[in-house]
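A look at the structure
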Amino acid sequence: MPELPEVEVVRRGLVSWVRGRTIERVDVLDQRSIRRHALGTEDFIGNLEGATVADVVRRGKFLWMPLLDTSAGPNGPLPDGPAGTQKVALMAHLGMSGQLLMQDGSVADEKHLKVRIRLGPRDGMPEQLRFVDQRIFGGLFVTALVPTDDGGPGGLAESPLPLIAEEAAHIARDPLDPAFSFDLFYRRLRKRKTGLKRALLDQGLVSGIGNIYADEALWRARLHFARPTDTLRRTEAERVVGSAREVMLDALAAGGTSFDSLYVNVNGASGYFDRSLNAYGREGQPCKRCAAAGIHATIRREQFMNRSSHTCPVCQPRPRNGRW
């Protein structure tokens, strides 16, 4: 499943192509891909056609496009009205294989094309936003926008407003969010009596960190995934958050992590960060940090929550009284 850097790559791509453009027509080719829209196909299409995409917003791995009804004409300037003028949003759940692709109308339909959104013309820009999903775990739906509980922006956006898609309101801010509060994170972390990686994967504590980037952040921070959270010193917690932020920024610079052809940006290109991983997927290979110091150590893989965790036994030693 795409993690935060992959979703942010998509968000940044979409902003340049769809922000300020009017949705002229929507074609639902597979109703399974809008199954989360409880009111059905007709209501889904009715909410979209004629609306203008105001922005593209992300919090954690959640992605949505606030919609506006505007009288400025097709693809006219966005209104400078209050936040309340944005009441609904098109939410995209990418699931295991969902892709949002910008295509010209002359490009043949993809084999697994599920929804086609035709946008008003703009010079030099493709006119279609396509949702392609091979495994059909993802989908699109229209959702209400609600005020954020802290009064801050709903997520990372070009024009941050204190509104959030209702389905994302329960998750915490992510380390790349300018409104992320380390103090709040640390207070909540210390109250939990669990292992460190379990805490990092808890979207109610900090969002956007999945299995791959948790392993990479913990490797950079030199901490084991089973370290009890209530024993974590403030400096160690700062190291973990800083490492998570660094690894995700590095992944963004590389276009995300792509292990197969399903993880692509809006132009259909894959990322390359998987070539720079230090821990995840490197079982039996030398720890790069230890090797640089002349120490022989190999990355080990351990079972964790029906997944795997990858650590170095030398620079990430197992803690006493670890929580597995």
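Overview of the structure. (Residues numbered from 1 in each chain as written. Predicted model: local features only at pLDDT ≥ 70, side-chain atom pairs only at ≥ 80, totals over all residues. Heavy atoms only, no water.)

1. Comments concerning the packing of helix α1 (residues 4–18) against helix α6 (residues 234–253)
Two measures define how a pair of helices packs: the angle their axes make with one another and the distance between the axes. One can describe the packing of α1 onto α6 by two numbers: an axis separation of 9 Å at closest approach and a directional angle of 45 degrees. By the angle between their directions, the pair α1 and α6 is classed as oblique. Where α1 crosses over α6, the two elements pack in a sense that is right-handed. When α1 is examined against α6, the residues Leu 4, Pro 5, Glu 8, Val 9 and Arg 12 are found in contact with a partner set consisting of Met 248, Ala 251 and Leu 252. Tallied by class, residues from the contact of α1 with α6 come to six nonpolar, no polar and two charged. (Axes fitted to C-alpha atoms, helices over the stretch in contact; angles between N-to-C directions. Helix = DSSP H or I, 4+ residues; strand = E, 2+ residues; numbered from the N terminus. Parallel < 35°, antiparallel > 145°, perpendicular 65-115°, else oblique. Left-handed = near helix turned anticlockwise from the far one by under 90°. Contact = heavy atoms within 4.5 Å. Nonpolar A, V, L, I, M, F, W, Y, C, P; charged D, E, K, R; others polar.)

2. Some details on the environment of Phe 180
Take Phe 180: it is sitting in the loop between β10 (163–165) and α3 (182–191). For the pair formed by Phe 180 and Gly 152, sequence separation is 28 residues and the distance between their alpha carbons is 9.7 Å. Ignoring any residue separated from it by four or fewer positions in sequence, one finds Phe 180 in contact with Arg 173, Asp 174, Pro 175, Phe 185, Val 206, Val 241 and Arg 245.

3. Things to note about the sheet that holds strand β1 (residues 23–28)
Strands sit in the order β1-β7-β8-β6 across an open sheet of four strands; the sheet is antiparallel. Among the strands making up the open sheet, the edge pair consists of β1 and β6 (98–103). Taking the axes of each pair of neighbouring strands and ignoring which way they run, one obtains an average angle of 15 degrees across the sheet. Where β1 meets strand β7 (residues 113–119), five bridges bridge the pair, whose relative direction is antiparallel. Residue pairing in the sheet places Asp 27 in a bridge with Arg 116 of β7. Contacts from α1 reach β6, β7 and β8 (128–133), with the element oriented near 30 degrees to β6. Running over the sheet, helix α2 (residues 40–48) touches β1 and β7 and is turned about 160 degrees from β1. (Pairing = 2+ DSSP bridges.)

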